[in-house]
There are 2 protein chains.
Amino acid sequence: MTTEIGRIPVAQPRCSTCSLGQFCLPVGIPAPELERLDALVSERRRLKKGEVLYHANDDLHAVYGIRFGSLKSCVTAPDGREQVVGFHLQGELIGLDAVADHHHPSTAIALEDSELCIARFGELETLSRQVPSLQRQLHRLMSQEIRNEHQQLLALGTMRAEERLAVFLLNLSERLSARGYSANEFVLRMSREEIGSFLGLKLETVSRLFSRFAQNGMIEIRQRHVKIVDAAALHELAGVPC
Amino acid sequence: MTTEIGRIPVAQPRCSTCSLGQFCLPVGIPAPELERLDALVSERRRLKKGEVLYHANDDLHAVYGIRFGSLKSCVTAPDGREQVVGFHLQGELIGLDAVADHHHPSTAIALEDSELCIARFGELETLSRQVPSLQRQLHRLMSQEIRNEHQQLLALGTMRAEERLAVFLLNLSERLSARGYSANEFVLRMSREEIGSFLGLKLETVSRLFSRFAQNGMIEIRQRHVKIVDAAALHELAGVPC
DNA sequence: CGACCTTTTGAGTGGCGTCAACATGTGTGG
DNA sequence: CCACACATGTTGACGCCACTCAAAAGGTCG
């Protein structure tokens with residue numbers, strides 16, 4: 001059904017039947033209104049690994065639901081330093097940080113081949129005025145993002161390297177598990193350098209810590225394939241008292 | 001006009017005449033709708049230095065505009081570690097991070113005697129469906145917060161101590177200046193420890209850096225009174241190439 | 001005036017960054 | 001399919017920045 005590279009027109013209703021709805025826009029929205037959301041989300045986009053969804057400073061045209069695949073968001077300092085500010089999984093909505101002035105403040109890049117639903121933002125804003133439950137969910141997603149970043153600030157501000165990495169692994173495990181994947185065995189879609197950037201560490205430190213965790217019997221790791229062996233020990237490291 | 005301690009009923013229209021509106025809710029809202037906003041923001045609250053506006057886990061009743069004074073927001077890890085995630089000045093709206101599940105994820109504490117406008121959130125949500133420009137501004141404020149935290153993550157993730165402190169001073173200077181105060185001379189309302197927590201540093205490090213900045217002739221500092229002498233040098237430190 | 005909190009400053013330590021060498025994996029073109 | 005180039009990951013040696021511990025000065029408030 002692909003008419004041109006990367007663009008896929010969609011004929012059938014989608015949000016209303018999407019199994020990822022629980023993480024995305026269609027939460028708590030009654031069936032009749034769901035159809036209007038379907039009409040709004042009329043296109044998808046495919047990205048190959050490494051492709052850019054939007055650049056920092058691009059105009060906001062749409063927000064995007066991740067149908068499959070995963071992405072990272074990066075911000076850049078005036079002097080060129082880069083910081084990964086988030087990893088985004090299947091079902092998550094990205095681009096909401098652009099609402100402020102209708103320009104994206106971050107760059108979004110695919111970590112693997114991915115497919116996204118395109119929700120044109122202007123229409124979404126209009127529809128959310130008419131559908132209170134949609135408005136509610138939009139607000140929920142935005143403020144959830146604020147909340148996540150509070151947690152990340154807490155990690156960067158107060159935790160040591162091994163604690164940060166433990167938090168990272170457990171967070172990823174939990175999110176994958178919520179999507180029906182194994183909580184104990186998964187593939188990291190990002191490099192050591194990207195993990196390091198996200199956690200405020202250098203890639204060598206991340207690599208060393210993985211090795212140490214493996215030596216302590218907390219995880220098994222071969223390249224990007226991770227197996228969590230002793231989740232309790234990770235939780236303890238992460239600062240959750242058993 | 002105070003009827004009971006800390007609560008002040010307000011008879012006259014306020015948002016419509018408030019000089020701080022540019023940082024708060026009433027941006028771009030036509031006059032007739034502004035009156036409806038006035039009706040919604042019908043109460044104020046006074047806080048003494050150190051008093052709590054809301055605790056983490058409190059129900060969301062309202063969001064708050066800062067009429068005068070300043071506050072900090074803190075999050076707490078399961079093991080008790082605290083992180084200051086933001087400082088809030090005159091005119092700013094706080095409490096928006098609670099929209100997700102109608103519970104506050106952070107604790108807000110007054111850094112000095114302060115007065116806040118109370119905007120009951122349920123009514124605000126309703127009104128914002130009817131007044132597109134209000135909806136717009138709410139979205140703008142939420143996503144501005146996401147953007148600010150991206151910048152803070154960048155600072156904590158990639159910058160050294162002196163760079164973080166330079167960024168902090170310049171950011172404060174800019175915000176105060178936008179409120180009509182001097183950009184070069186101001187009073188820090190927060191302790192070295194609170195600055196340290198915000199920047200992921202220990203209070204001793206903050207103190208040492210202030211001393212060093214003063215020795216280098218970049219600032220003058222006596223207690224919490226700061227004077228920026230060489231803003232260009234601070235900008236350079238902060239990573240903005242001259 | 002005394003109790004307490006905040007800030008400053010010093011000395012010593014260690015966690016993480018830097019630099020470097022090497023191993024392993026991945027993709028591409030002949 | 002192999003050879004090669006290049007990206008990614010591992011590991012070691014070393015150094016520095018920021019933390020820890022400690023003591024004392026200065027400021028604030030009852």
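Bear in mind the structure is a predicted one, so any value in this text is a computation, not a measurement. (Residues numbered from 1 in each chain as written. Chains lettered and ligands numbered in written order. Predicted model: local features only at pLDDT ≥ 70, side-chain atom pairs only at ≥ 80, totals over all residues. Heavy atoms only, no water.)

K.L.:
How should I be thinking about the protein's contact with DNA strand D in this particular structure?
P.N.:
In the vicinity of DNA strand D there are 18 residues, among which Ser207, Arg208 and Ser211 of chain A together with Ala161 and Thr205 of chain B approach most closely. For DNA strand D, the fraction of protein-proximal atoms (within 4 Å) that sit in sugar or phosphate groups is 67%. Within the backbone of Ala161 of chain B, a nitrogen or oxygen atom sits 2.6 Å from a phosphate oxygen of DNA strand D. In the environment of DNA strand D, a base nitrogen lies 3.4 Å from a nitrogen or oxygen atom belonging to the side chain of Glu204 of chain B. Looking at the surface near DNA strand D, the elements with two or more residues in it are helix H6 (203-215) of chain A together with helix H6 (203-215) of chain B. In terms of residue count, the dominant contributor to the surface near DNA strand D is H6 of chain A (5 residues). (Near = heavy atom within 4 Å. Polar contact = N/O pair within 3.5 Å; in protein donor to acceptor, adjacent residues only side chain to side chain. Helix = DSSP H or I, 4+ residues; strand = E, 2+ residues; numbered from the N terminus.)

K.L.:
Mind showing me how you'd approach the relation of the copies chain B and chain A here?
P.N.:
Both copies of the chain are related by a screw-like operation: a rotation about an axis and a shift along it. Its rotation angle being 180°, the transformation that places chain B on chain A also includes 0.0 Å of axial translation and leaves an RMSD of 0.0 Å. Here the transformation between the copies is reduced to the relation of a two-fold axis. Closest approach to the rotation axis among the C-alpha atoms of chain B is made by Arg129 of chain B, whose C-alpha sits 2.2 Å away. Of all interface residues in chain B, 100% are interface residues in chain A too; the two copies therefore contact each other through one and the same surface. (Least-squares fit on C-alpha atoms with pLDDT ≥ 70 in both. Contact = heavy atoms within 4.5 Å.)

K.L.:
Before we go on, may I ask you to explain the protein's contact with DNA strand C in this structure?
P.N.:
The environment of DNA strand C is formed by 18 residues, the closest being Ala161 and Thr205 of chain A together with Ser207, Arg208 and Ser211 of chain B. What you see for DNA strand C is that sugar and phosphate hold 67% of its atoms within 4 Å of the protein. Glu204 of chain A places a polar side-chain atom, nitrogen or oxygen, 3.3 Å from a base nitrogen of DNA strand C. In the model, a phosphate oxygen of DNA strand C is placed 2.7 Å from a nitrogen or oxygen of the Ser211 of chain B side chain. Going through the elements one at a time, H6 of chain A together with H6 of chain B are the ones with two or more residues in the surface near DNA strand C. Of all the elements, H6 of chain B adds the most residues to the surface near DNA strand C, at 5 residues. When grouped by side-chain class, the residues that make up the surface near DNA strand C number 3 nonpolar, 7 polar and 8 charged. (Nonpolar A, V, L, I, M, F, W, Y, C, P; charged D, E, K, R; others polar.)

K.L.:
Mind showing me how you'd approach the UniProt feature "domain: HTH crp-type" (unreviewed entry) in chain A here?
P.N.:
Those residues carrying the UniProt feature "domain: HTH crp-type" (unreviewed entry) are residues 159-232 of chain A in this numbering. This span, residues 159-232 of chain A, is 55% helix and 15% strand, and a straight line between its end C-alpha atoms measures 18 Å. (UniProt positions renumbered as here; feature names shortened; annotations may be inferred.)

K.L.:
Just to check I follow, could you spell out the sheet that holds strand E10 (residues 185-187) of chain B for this structure?
P.N.:
Whenever strands of a sheet pair, they do so through backbone hydrogen bonds, lying parallel or antiparallel. Residue and element names in this part refer to chain B. One open sheet accounts for 3 strands, arranged E10-E12-E11; its pairing is antiparallel. Looking at strand neighbours, the two that pair on one side only are E10 and strand E11 (219-222), the edges of this open sheet. Direction aside, the axes of adjacent strands within the sheet are offset by 15° on average. Bridge count between E10 and strand E12 (residues 225-228): 3 bridges; the pairing is antiparallel. Bridged to Glu185 within E12 is Lys227. (Pairing = 2+ DSSP bridges. Axes fitted to C-alpha atoms, helices over the stretch in contact; angles between N-to-C directions.)

K.L.:
I keep staring at the sheet that holds strand E3 (residues 52-54) of chain B and nothing clicks. Help me out?
P.N.:
Residues and elements named next belong to chain B. One open sheet accounts for 4 strands, arranged E3-E8-E5-E6; its pairing is antiparallel. Both outer strands of the open sheet, E3 and strand E6 (82-88), are each paired with one neighbouring strand and no more. On average, each strand axis in the sheet is tilted by 30° relative to the strand beside it, whichever way the strands run. As defined by bridge partners, strand E5 (residues 71-76) adjoins E6 across 6 bridges and the pair is classed as antiparallel. Its bridge partner lying in E6, Lys72 is registered against Phe87.

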